[in-house]
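Fold and contact review
Residue-level listing of the chains:
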Amino acid sequence: MQYAVAPILCVQPTRALVDEKFKVLVKNLPPGRPFTVRSLHLSEDKDYWEAYGHYVSDHQGELSVRDDLSFGGTYTGREPMGLLCTMCPIPGSRPGLRLRKKDVTTPMLVTISVYSGHEDHRDQTPLASVVTERWYMAPGVQRFPLQQSEVRGTLFVPPGPGPFPGMLDMWGGGGGLLEYRGALLASHGYACLSLEYFKPGELETANQQYSYFETAFNIIKDHPQVNPDRVGIFGLSLGSAVTLNLATESAIVEPRCVVCVSSNNIFSRDMSIVTAYTNLSKCPVKHDENNCEVWRDVVLPFMKDTSNNIKVEKIRCPMLCISGCDDQNWPAVEIVDNMMETLRAAGKDHLLTRVDYPDAGHLIEPPFTPHFRSTNFLRSIAQDKVLMLWGGQTKPHSDAQEDSWRKILSFLQHNLYGNDRP
Amino acid sequence: MDRTQCCVQLSVQPSRALVDERFVILVEKAPPGFQLSVRALHQCEDGHSWEAFGHYISDATGTVNVSQDLSLGGTYSGVEAMGLLCSLRPVPGSKPGLRMRKKDVQAPMMVTISVYQGHQVEGFVDQVPLASVVVERWYVAPGVRRIPITDHGLTGTLFLPPGPGPFPAVLDLWGGGGQLVEYRAALLASHGFAALALDYLTAKVIRETGKMVEDQYFETAYKELQKHPQIVSSRIAMIGLSFGTTMTLKMAIYSKVVKLRCAVCISGSHVQPIEKSVEEILSSFNDRADKTRINEENQVIWRDLLLPIPTDPSLKADVGSLQCPLLLVVGEDDQNWPTKESAEDIQEMMERAGNSHLLTVLSYPDTGHLIEPPYSSHTRTSNFKPVGTNQKVTVLWGGQMAAHARAQEDAWKKMLAFLRENLYGGRKASAATQSNL
């Protein structure tokens, strides 16, 4: 079909934080015809990621991704954010990829385009195309890589005079320095230290003295713009073990609240992380039909020996635990069950808020970012690259990311902002 | 309030936006029933500081929502979601006669929004706010391309929307102050219109030859747009403000080359000697300079220069022979041009000629001359140096801040709808509507 003039495609807002929703509207189309709306992103690793939905224009010649049904593509149904949540590598890409922003000072650029029909769009020139920016950092947030410090990480400070509540942010067994969640928390008003505690594939370096984490916590606590009584901790997976250890055993550190995603309570402070992982890797690991390693079943028997459990009954602050019921890497739900029992016995179960998401996997990340059921993973002990099964189905996992992030922000605001309560 | 205890949370959404997009400012976790001032601070490119502020009281949950709550005073009052931008004015002690206009459209306008304890009216700079965030306001959407146009003696800048196109286009003209003013064209491109901002009074060719441009200059600009592979040659409009209206009507009615799909005329008039050059038209206005009025504040009022609206047809553009839809934007308190009287006469002429179905008039009470894209400060008076003179005067543009801000918001929305209808829509001219707001 010849178009006299391009259709009008607009994405609002054109520039947004990663956790903000957008509207995608196409106007001036022929009515009642099929169209494909597609997102395309070139990652920092130079891989192309895309998502697309199949739509039919209405009789005003318009279609709205927020309001209309998608009849096919990488998502179906009414999915306002489907163009971001269901992104996957384009056909022909390397397998096992994961999309994670390294440079948080620049936005993720996503091209949204509209094509005629529901056939393969990759051969066509789009009818219209716009670019939208997705940011991890709000304007005014400052980024300070820690220099001349034994602690490795990056501090993000919100704009304004402060004092701000603070956060210590830790990721899991993949290691390295991931700044994006810390930058996003700072964009919501929390001075945040994204902590690196071992390099990818170098788990031996994880044998930090616990003082490493206490020092990290104090870096935020002692920051001139941070309210020292209002510092929380955020840990995912292995990071949640560190979080729980700090919250229960530290004589130096007293977090105001903690968030654990895909919780781990079986690596107590007394056992080194290296030893813990070494023990786990001695067990035969199951592989699924795609040759992905499934660790969940390896961990379950380990939970029977509770002597190495973190003494969660010693916790002194509110705790939010987010778990995916389809977590194939870690039995997060069973672990939270375990912790709940322990807390109940100690009369402290009022401190624990748990949210378990059906069909969500292990990697519960900030919203509107793709879901990864399995990805390449550098296994530190054996120093080999494997395909790791994280679990989850895309739609419920995306919903879980959106809902949990909202609940996390609300939990943090409740505990870290506002006047002191007696 | 103990500063070590209280953590007030301030958020502005979206934190990055186009200048014509609204934002929501939320203050949370303040004590309930607490007096707060919310303030905007902006330092413009020439170094001057501008501020606006509103006085609020938090509700029982300790929340203030600027979009929903009443401002009890400050530089604006009432429920004004965008009051902090619309009522921006130079900070006390600034030079008089300032006007805020973005020169570099590829960088955002940065505004600091802060919340202070109590209902303050001054001295913000000496206090520490409870919280503060930074907001970016952009004239360009991501992917908009900026292309300087210097071929064929033109001085202009073309802004192209992202995507393959083809796009309709707009030739964008400002008024008697001259210069190359890009921000409206940049914004139009962010809404899907290729837009060429044209300097026609202080262009390089004028500075080099000492002579004003002729009709050919505008026709060349039009042809440049037509030639562009990503522009639909049959879907080109012109938008002109003030003297830009004079040029727009001249081209729309008399040019054999320029065939507009539609035209937008803001704060202008059809009064001009016909079949004269640009230079002659400018002289004819200058010849009436004795009708200039100076008010008690020493501000120059030029609206009488073209009054009374002549009856002699050789002194007015023949709007009765217009063949494309025309949108007129009128500020009823325009002290610089007789826009309202001109619009009334245009309406009469077109009704007599039988083409008034092409005309839409947007007329706004208490609104001045400088009807700009929305959510920017209102300039009631400012320093001005008309092209061809060396005298800087303080001009009275007119308008009352709140009404003018509302007019800018409404007019912009309607202008975009008019352009979309005529440039993206079908071949038929749109039905005439007249609204007196």
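Residues numbered from 1 in each chain as written. Chains lettered and ligands numbered in written order. Predicted model: local features only at pLDDT ≥ 70, side-chain atom pairs only at ≥ 80, totals over all residues. Heavy atoms only, no water.

**Quick notes on the UniProt feature "active site" (unreviewed entry) in chain B**
Residues and elements named next belong to chain B. For clarity, the cut-off: UniProt positions are given in the numbering used here, feature names are shortened, and annotations may be inferred rather than shown by experiment. Contact criterion: two residues are considered in contact whenever any of their non-hydrogen atoms come within 4.5 Å of each other. Working definition: helices are DSSP H or I runs of at least four residues, strands are E runs of at least two. Numbering for both runs from the N terminus.
Feature annotation in UniProt places "active site" (unreviewed entry) on Ser242, Asp334 and His369, given in this structure's numbering. A maximum C-alpha distance of 10.5 Å is found for the annotated residues, which run over 128 residues; spatially they form one tight group. Ignoring any residue separated from it by four or fewer positions in sequence, one finds Ser242 in contact with Gly175, Ile266, Ser267, Gly268, Asn336, Trp337 and His369. Secondary-structure assignment places Asp334 in the loop between β18 (326-331) and α7 (339-353). Among all residues touching Asp334, those that are not within four sequence positions of it are Ser267, Arg303, Thr339, Thr367, Gly368, His369 and Trp397.

**Description of the pattern of salt bridges**
Just so we agree on the cut-off: Within this document, salt bridges are pairs made up of a side-chain nitrogen of Lys or Arg and a carboxyl oxygen of Asp or Glu, the two lying within 4 Å of each other. Exposed residues in this analysis have more than 50% of their type's maximum accessible area, buried residues have under 20%, and partly exposed residues fall in between, with area computed by a 1.4 Å probe over protein chains only.
Applying the stated criterion across every chain, the model contains 46 salt bridges over all chains. A salt bridge links Asp297 of chain A to Arg296 of chain A; the nearest nitrogen and oxygen atoms lie 3.9 Å apart. What makes Arg296 of chain A buried here is its relative accessible area of 16%. Across the salt bridge formed by Glu136 of chain B and Arg16 of chain B, the nearest N and O atoms sit 3.2 Å from each other. With Glu136 of chain B in strand β9 (residues 131-138) and Arg16 of chain B in strand β2 (residues 16-18), this residue pair connects regions lying 120 residues apart in the sequence. Taken individually, Glu136 of chain B and Arg16 of chain B each receive the classification buried, so the pair is uniform in this respect. One salt-bridge network, held together by shared partners, links Lys21, Glu402, Asp403, Arg406 and Lys407 of chain A.

**Brief notes about the packing of aromatic side chains**
Let me state the cut-off plainly: Only centres within 6.5 Å qualify two rings of Phe, Tyr or Trp (six-membered ring in Trp) as a pair; their planes then separate them into stacked at under 30 degrees, edge-to-face at over 60, and tilted for everything else. Ring-over charges, as used throughout, are those where CZ of Arg or NZ of Lys falls within 6 Å of the ring centre and within 35 degrees of the ring normal.
Scanning the model with the defined rule gives 23 aromatic pairs over all chains in all. Both rings, one in Tyr217 of chain B and one in Phe218 of chain B, keep their centres 6.0 Å apart while their planes meet at 90°; by these two values the pair is edge-to-face. Phe218 of chain B sits in the buried class, given a relative accessible area of 0%. Put simply, the rings of Tyr200, Tyr217, Phe218, Phe243, Phe285 and Trp337 of chain B touch in pairs and so form one group of aromatic residues. The cationic tip of Arg100 of chain A hangs over the ring face of Trp171 of chain A; the distance from NZ or CZ to the ring centre is 4.8 Å. Seen from the ring of Trp171 of chain A, Arg181 of chain A lies directly overhead, with NZ or CZ sitting 3.9 Å from the centre.

**Notes on the sheet that holds strand β4 (residues 35-43) of chain B**
All names here are of chain B. Selection criterion: One requirement defines pairing of two strands: DSSP has to find at least two bridges between them.
The mixed open sheet is built from 6 strands, whose spatial order is β2-β9-β8-β4-β5-β7. If you trace the sheet from one side to the other, it starts and ends with β2 and β7 (89-90), each paired once. In this structure, β4 lies alongside strand β5 (residues 49-57), joined through 9 bridges in antiparallel fashion. The residue bridging Ser37 from the neighbouring strand is His55, located in β5.

**Some points on the pairing of β5 of chain B**
All names here are of chain B. The element β5 is extensively covered by neighbouring structure, given that 7 of its 9 residues are classed as buried. Counting the residues that bridge the hairpin from β4 to β5 gives 5 residues, and of these Gly47 lies at a positive phi of roughly 95°. Of the strand pairs in this sheet, β5 and β7 are connected by 2 bridges, and their pairing is antiparallel. Bridge assignment links Glu51 to a residue of β7, and that residue is Arg89.

**What about the sheet that holds strand β1 (residues 8-12) of chain A?**
Each strand in a sheet pairs with another by means of backbone hydrogen bonds, the pair being arranged parallel or else antiparallel. Residue and element names in this part refer to chain A. Strand order in the open sheet formed by 3 strands is β1-β3-β6, and the pairing between neighbours is antiparallel. Edge positions in the sheet fall to β1 and β6 (63-64), since each of these pairs with one other strand and no more. Bridge count for strand β3 (residues 23-27) against β6 is 2 bridges, and the pairing is antiparallel. Within the sheet, the bridge partner assigned to Val26 lies in β6 and is Leu63.

**A closer look at the nonpolar core**
How we decide: For this analysis, a nonpolar core means a set of buried residues of the types Ala, Val, Leu, Ile, Met, Phe, Trp, Tyr and Cys, connected via side-chain atoms within 4.5 Å. In this entry, domain limits derive from an automatic or database-based domain assignment.
Core analysis: the biggest nonpolar cluster contains 132 residues, and Leu168, Met319 and Leu412 of chain A have the highest contact counts within it. Counting residues per element, this core draws most heavily on helix α8 (residues 394-416) of chain A, at 7 residues. Both domains that furnish three or more residues to this core are identified here as domain 1 (8-135) and domain 2 (142-417) of chain A. In contact with Leu412 of chain A, not counting residues within four places along its chain, are Met167, Leu185, Tyr190, Cys257, Val259 and Tyr417 of chain A. Counting 102 residues, the second largest nonpolar core, distinct from the first, contains Val140, Ala252, Leu359 and Leu419 of chain B.

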